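Given next are the chains, with one letter for each unit.
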Amino acid sequence: MSAVLLILALTVGVYAVAVLEDWASHNRLRLLGPVISTLALLGQESVLHRKNDRLFFETAPILLLVGALLSLAIIPLAPGLIVTDLATGALFFNAALAYVLVALIMAGWGPDGAYGMIGGWRFLGQLIAYAMLVVMPITTVAMRAESLSTITIVESQAQLWNIVYQPLGFVLFAIAGMAMAFVPPFDLPNAEGELAGGVEAEYTGVRRMVFRLGRMVLILSVASATTVFYLGGWLGPWLPDWAWSAIKILAVTALMLAGGRMLPRVREGTLLAWAWKLGIPLALVNIFLVGVLVLVVPL
Amino acid sequence: MSGLQQYGILFGLTLGTLGFVLSLYALARAIGRSRAEAGKDVPATAGQLSRDPVWVRYNARYTGYALLFLAFDMEMAFMYPWSVVYREEGLVALLDMGVFLAILFLGLLYGWSQGVFRRQ
């Protein structure tokens, strides 16, 4: 029963993310847009070049989808509505999303195209910028919850959501999460304007569809993690648990996509400099502040 | 649920995703196949033929960051178990990790002063 519900939630969530992304990029709300794109991509031929690295080319879209789906497996939508409540959930989230980098570099390397390759290597630089800013705020969340299990993390926020308890961590995590899902101001690997699609450039037809699907699941996963770690997950008055999860996740997705659209694309060097000269010291300050706060005000 | 069962579910999820993707590929294959044409043999690179081979050495200009990243990433391996028992251990845990993080932060400042954060 709950498996059916989870698959349904995943389908609706991914569809909503696709509609929202379309809205954020083209400023039009087309509810049937994803269906039309799916049919179009199914009908389009999936070209395979003569001199490609077949293994990498084929693995990349699947790996992106699998990594993103595995990271969603530890996200609770309501008490009991979770794929697996791993004791190391928050750590597993990082571990699964480490494959995003691998997938993108494979996608860049595979087709032997210049734009893809540049996109892939760029994302490696982007990883060095965002990775620490994803993991460090998660530790402070775990410090408060005394557990890495995502259900315990949500329950620890019953009195006060983490966005109020550790706002600095929330800001760092949200921005780094956007960089991890490469949504607009950080869309270095697939920059439309300068790399003609970057890592996605050589993918056509059904392979492109799987790649895009993986990307949608990734965005959904980052938004869900932000909700679970900082916005109190399913907690909220009046409405049922799953409704609160859905509202929060979709609101975070919409904010990420719409907000990022307003900003100019960040250069890789600039991103690295900001992340290491400002972001990492702030993350360390956050760990210290929360450390003191957890001992002094045990909420 | 035991840990092994949980990882079994995750493995099943992986296999299920693989099956889903393969069935999508099969569906696309059933609709039609790609026609062999000369123009499709090379990467499109936005409508132009790719001139140079791209499997070459790439000048990663963030090597300094990458070295510091290694140090910090190793440190995270210690942070996760520490964060779980943090409240139990109390002030001792804060001081222990404070010293550790302070040394790392000094390393970051030292690297900064040596120009690690310049693009090489």
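Basis of the calculations
Residues numbered from 1 in each chain as written. Chains lettered and ligands numbered in written order. Predicted model: local features only at pLDDT ≥ 70, side-chain atom pairs only at ≥ 80, totals over all residues. Helix = DSSP H or I, 4+ residues; strand = E, 2+ residues; numbered from the N terminus. Rg over C-alpha atoms; globule rule 2.2 N^0.38 Å. Buried ≥ 20, exposed ≤ 12 C-beta atoms within 10 Å, placed from the backbone. Contact = placed C-beta atoms within 7 Å. Nonpolar A, V, L, I, M, F, W, Y, C, P; charged D, E, K, R; others polar. Core = buried A, V, L, I, M, F, W, Y, C linked by C-beta atoms within 7 Å. Domains from an automatic or database assignment. Expected span 1.5 Å × (residues − 1). Bend = angle between axes of the 7 residues up to and from the residue. Axes fitted to C-alpha atoms, helices over the stretch in contact; angles between N-to-C directions. Parallel < 35°, antiparallel > 145°, perpendicular 65-115°, else oblique. Left-handed = near helix turned anticlockwise from the far one by under 90°. pLDDT = per-residue confidence, 0-100.

Glancing now at the overall build of chain B. A tally of regular secondary structure across chain B gives four helices and zero strands. Secondary structure of chain B in N-to-C order comes out as α-α-α-α. Taken against the 2.2 N^0.38 rule, which gives 14 Å for 120 residues, the C-alpha radius of gyration of chain B at 25 Å runs more than 25% over that of a compact globule. In terms of overall dimensions, chain B has C-alpha extents of about 70 × 50 × 15 Å along its principal axes.

What follows concerns the overall build of chain A. A tally of regular secondary structure across chain A gives twelve helices and zero strands. Beginning at the N terminus, the succession of helices and strands in chain A can be written as α-α-α-α-α-α-α-α-α-α-α-α. Here the C-alpha atoms of chain A give a radius of gyration of 19 Å, agreeing with the 19 Å that 2.2 N^0.38 yields for 299 residues. Along the first, second and third principal axes, the C-alpha set of chain A runs to 65 × 45 × 35 Å. Here chain A, with 299 residues, has 59% of them falling under the buried criterion.

Turning our eyes to something else, we now look at the interface of chain A and chain B. Across the boundary between the two partners, chain A contributes 52 residues, which contact 52 residues of chain B. Breaking the side of chain A that touches chain B down by element, the ones donating at least two residues are α2 (33-43), α3 (54-72), α5 (114-145), α10 (205-230) and α12 (268-296) of chain A. For the side of chain A that touches chain B, a count of residues per class yields 35 nonpolar, eleven polar and six charged.

Let's shift gears to the nonpolar core. Within the largest apolar cluster, 126 residues are counted, with the highest numbers of intra-cluster contacts made by A:Leu65 and A:Tyr130. The greatest single-element share of this core, amounting to 21 residues, is contributed by α5(A). Aside from chain neighbours lying at most four places away, what touches A:Leu65 is A:Val210, A:Leu213, A:Gly214, A:Val217, B:Thr17 and B:Val21.

Time to look at the domain arrangement of chain B. Often, the extent of an interface is quoted as the loss of accessible area upon association of its parts. Assigned domains within chain B: domain 1 (1-32) and domain 2 (62-120). Here domain 1 of chain B and domain 2 of chain B have C-alpha centroids that lie 38 Å from each other.

Time to look at unusual backbone geometry. Trans peptide bonds make up the majority, and among non-glycine residues the majority have a negative phi. All names here are of chain A. At Glu 146, a position not held by glycine, the phi torsion is positive, near 60°. Along the chain, Glu 146 falls in the loop between α5 and α6 (150-155). The class of Glu 146 is partly exposed, set by 17 C-beta atoms lying within 10 Å. Phi at Trp 238 is positive, roughly 60°, even though this residue is not glycine. Assignment of secondary structure puts Trp 238 in the loop between α10 and α11 (241-261).

Here we take up α5(A). All names here are of chain A. Taking 1.5 Å as the rise per residue, α5 with 32 residues should run 46 Å; its terminal C-alpha atoms sit 46 Å apart, in good agreement. For α5, the principal kink sits at Tyr 130 and spans about 35°. Glu 146, located one to two residues past α5, shows a positive phi value of around 60°.

Here we take up the packing of helix α2 (residues 63-84) of chain B against helix α4 (residues 91-113) of chain B. Residue and element names in this part refer to chain B. Relative orientation of the contacting elements α2 and α4 amounts to 175°, with a least axis distance of 11 Å. Viewed along their axes, α2 and α4 adopt a mutual orientation that is roughly antiparallel. For the pair α2 and α4, contact is made by Gly 64, Leu 68, Ala 71, Phe 72, Glu 75 and Trp 82 and by Ala 93, Met 97, Leu 104, Gly 107, Leu 108 and Gly 111, respectively. Counted by class, the contact of α2 with α4 contains eight nonpolar, three polar and one charged residues.

Moving on, we come to the packing of α10(A) against α11(A). Residue and element names in this part refer to chain A. Where α10 contacts α11, the two axes come as close as 8 Å, and the packing angle between them is 120°. The angle between α10 and α11 places the two elements in the oblique class. In this structure, α10 meets α11 at a crossing whose hand is right-handed. Seen from α10, the contacting residues are Ile 219, Leu 220, Ala 223, Ser 224, Thr 226 and Thr 227; seen from α11, they are Ser 245, Lys 248, Ile 249, Val 252, Thr 253 and Met 256. Grouping the amino acids of the contact of α10 with α11 by side-chain chemistry returns six nonpolar, five polar and one charged.

With that settled, consider the environment of A:Gly110. Residue and element names in this part refer to chain A. For Gly 110, the position within the fold is in the loop between α4 (89-109) and α5. The exposure class assigned to Gly 110 is buried, which follows from the 25 C-beta atoms found within 10 Å. Gly 110 sits 17 residues away from Leu 127 along the chain, and the two C-alpha atoms are 20 Å apart. With residues up to four places along the chain from it excluded, the contact list for Gly 110 reads Asn 52, Asp 53, Phe 56, Phe 57 and Ala 60.

We now examine α4(A). The terminal C-alpha atoms of α4(A) lie 31 Å apart, and with 21 residues this matches the ideal 30 Å at 1.5 Å per residue to within 8%. Counting buried positions along α4(A) yields 16 of 21 residues, so the element is predominantly enclosed.

On to the confidence of the model for chain B. Of the residues in chain B, 92% have a pLDDT of 70 or more, and the chain-wide mean is 84. When pLDDT is averaged over each element of chain B, helix α1 (residues 3-31) of chain B comes out on top at 90 and helix α3 (residues 86-89) of chain B at the bottom at 85.

Quick look at the environment of B:Ile103 now. Residues and elements named next belong to chain B. For Ile 103, the position within the fold is in helix α4. By C-beta crowding, Ile 103 is classed as exposed, having 11 other C-beta atoms within 10 Å. For the pair Ile 103 and Ala 66, spaced 37 residues apart in sequence, the C-alpha to C-alpha distance is 18 Å.

Attention now goes to the environment of A:Leu272. One can find A:Leu272 in helix α12. Through-space distance from the C-alpha of A:Leu272 to that of A:Leu55 is 31 Å; in sequence the pair is 217 residues apart.

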